[in-house]
Amino acid sequence: MKVLVTGGAGFIGSHTCLELLKAGHEVSVVDDLRNSHPESLKRVEAISGKSLRFYRFDAADEAQLEEVFAQGEIGCVIHFAGLKAVGESVRLPLEYYANNIGTTLALCRVMKRRGVFRFIFSSSATVYAPGSPMPVAETAPLGCTNPYGWTKLMCERILTDLAASDPRFSVVLLRYFNPIGAHASGRIGEDPAGIPNNLLPFITQTAMGRLRVLQVHGNDYDTPDGTGVRDYIHVTDLARGHLSALDYSLTHTGCEVFNLGTGRGYSVLEIISVFERVNGVKVPYTIGPRRPGDVGTVYADPSKAKDLLGWQAQLGIEEMCRDAWRWQKGNPNGYLSHKGA
Ligand code: NAD
Ligand code: WQD
């Protein structure tokens with residue numbers, strides 16, 4: 001099938017493009033590279049031995065989207081394009097609402113005009129109301145604590161209402177837990193701009209010596225060792241989840257939501273210890289205060305995805321830590337390590 005992937009040059013998008021190509025799909029990417037590098041797509045092509053089409057523009061631009069759709073038979077849209085930094089969204093709420101909702105609305109309008117009805121959306125575990133019992137199932141109460149989360153919840157609402165209004169639509173909302181790791185080749189991975197917000201890139205850059213010390217955000221949570229517990233999922237497993245969602249959309253209409261997580265939580269100290277052990281490196285850390293907005297424990301109930309999509313995570317925490325390190329070691333400055341960059 002011909003699949004349009006917005007945000008395909010980014011972390012999760014690039015890994016998903018690779019799995020789509022490997023599975024024999026045709027891939028067109030729309031990305032304006034505001035948070036990514038075109039080298040990621042070149043490497044996706046090199047690893048897969050297949051080519052994809054790349055269009056560099058803002059995915060909120062309906063006129064340019066129309067031109068891409070006019071080039072023929074797109075069967076499905078996978079929508080990754082968006083801004084994703086929680087802290088930044090508190091400072092720049094209008095940018096987040098405009099971009100994350102604007103791209104989603106533009107795609108929906110063009111798809112409806114062009115008769116394309118399969119839509120897979122990148123949502124997030126951040127849409128669950130704090131205080132939900134763990135593991136968190138799709139039916140848990142929703143509610144957010146920051147503008148980024150609200151953009152995801154609003155997009156979920158828009159897509160749910162769209163599917164309810166037009167029975168031809170098949171919408172799959174995927175709520176990712178904490179994607180980490182990198183493709184096993186070590187050639188594509190996470191390449192955050194500036195100082196990372198997320199734990200794993202902070203760990204890999206500290207292990208490299210690029211950052212001096214990791215600050216553990218709090219050790220007084222109600223968890224076995226006091227540090228925050230999260231459901232880390234290998235980005236390749238997550239990418240494969242999109243292929244399962246694509247298959248599902250072929251035989252179902254309406255709108256369905258799935259957690260994509262492993263169902264198992266690890267604490268910050270456990271992650272540091274696994275990372276050090278499997279990679280034979282040290283990660284200097286200090287214990288700091290809690291990070292505002294953080295909760296103690298979040299992990300998924302992934303049983304709905306297993307039952308309805310036939311998907312479950314295959315790769316464990318050791319592979320996640322090993323693959324993240326292989327990528328970081330081989331690309332100390334991310335895609336900018338590349339000679340042609
Ligand atoms: P990323 O920043 O690496 O990828 C997003 C891509 O979208 C980038 O290549 C960026 O250049 C592009 N983009 C952004 N706005 C655009 C626009 N208006 N037009 C065209 N391209 C645009 O992020 P990621 O980690 O790969 O996340 C992908 C999606 O998954 C996002 O929607 C994010 O909110 C969601 N998500 C991510 C996580 C996570 O922890 N990484 C967790 C849950 C959900
Ligand atoms: C994980 C754990 C931190 C950095 C965020 C978004 C969420 C989703 C995924 C998009 C927590 C601790 C972290 C550090 C630390 N993104 N930590 N020192 O906060 O679970 O989720 O990314 O949808 O919306 O909120 O992920 O990687 O930032 O933190 O101790 O330098 O690591 O406190 O316990 P989080 P994270």
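What you see is a predicted model, and the numbers here were worked out from it, not measured in a lab.

## Description of helix H7 (residues 199-208)
The element H7 is extensively covered by neighbouring structure, given that nine of its 10 residues are classed as buried. If you check which residues of H7 are buried, you get Leu 199, Leu 200, Pro 201, Phe 202, Ile 203, Thr 204, Gln 205, Thr 206 and Ala 207. Along its buried surface, H7 packs onto strand S7 (178-180), strand S8 (214-217), strand S10 (232-234), helix H9 (268-279) and helix H11 (317-330). Immediately downstream of H7, the backbone of Gly 209 shows phi near 90°, a positive value.

## Digging into the site of ligand 2
In the vicinity of ligand 2 there are 19 residues, among which Ser 124, Tyr 148, Gln 215, Arg 230 and Asp 294 approach most closely. In this structure, an oxygen atom belonging to ligand 2 sits 2.6 Å away from a side-chain N or O atom of Tyr 148. Contact with the protein chains hides 86% of the accessible area of ligand 2, taken as 690 Å² for the molecule alone. When residues of the shell around ligand 2 are traced back to their parent elements, those giving at least two are H7 and S8. In terms of residue count, the dominant contributor to the shell around ligand 2 is S8 (four residues).

## What to know about the side chain of Thr 6
Mapped onto the secondary structure, Thr 6 falls in strand S1 (residues 2-6). What Thr 6 contacts, discounting residues up to four positions off in sequence, is Val 30, Ala 59, Ile 78, His 79, Phe 80, Ala 81 and Leu 107.

Reading the values: rules and limits
Residues numbered from 1 in each chain as written. Chains lettered and ligands numbered in written order. Predicted model: local features only at pLDDT ≥ 70, side-chain atom pairs only at ≥ 80, totals over all residues. Heavy atoms only, no water. Buried < 20%, exposed > 50% of the residue type's maximum accessible area, 1.4 Å probe, protein only. Helix = DSSP H or I, 4+ residues; strand = E, 2+ residues; numbered from the N terminus. Contact = heavy atoms within 4.5 Å. Near = heavy atom within 4 Å. Polar contact = N/O pair within 3.5 Å; in protein donor to acceptor, adjacent residues only side chain to side chain. Areas by Shrake-Rupley, 256 points an atom, 1.4 Å probe, with all protein chains shown as cover.

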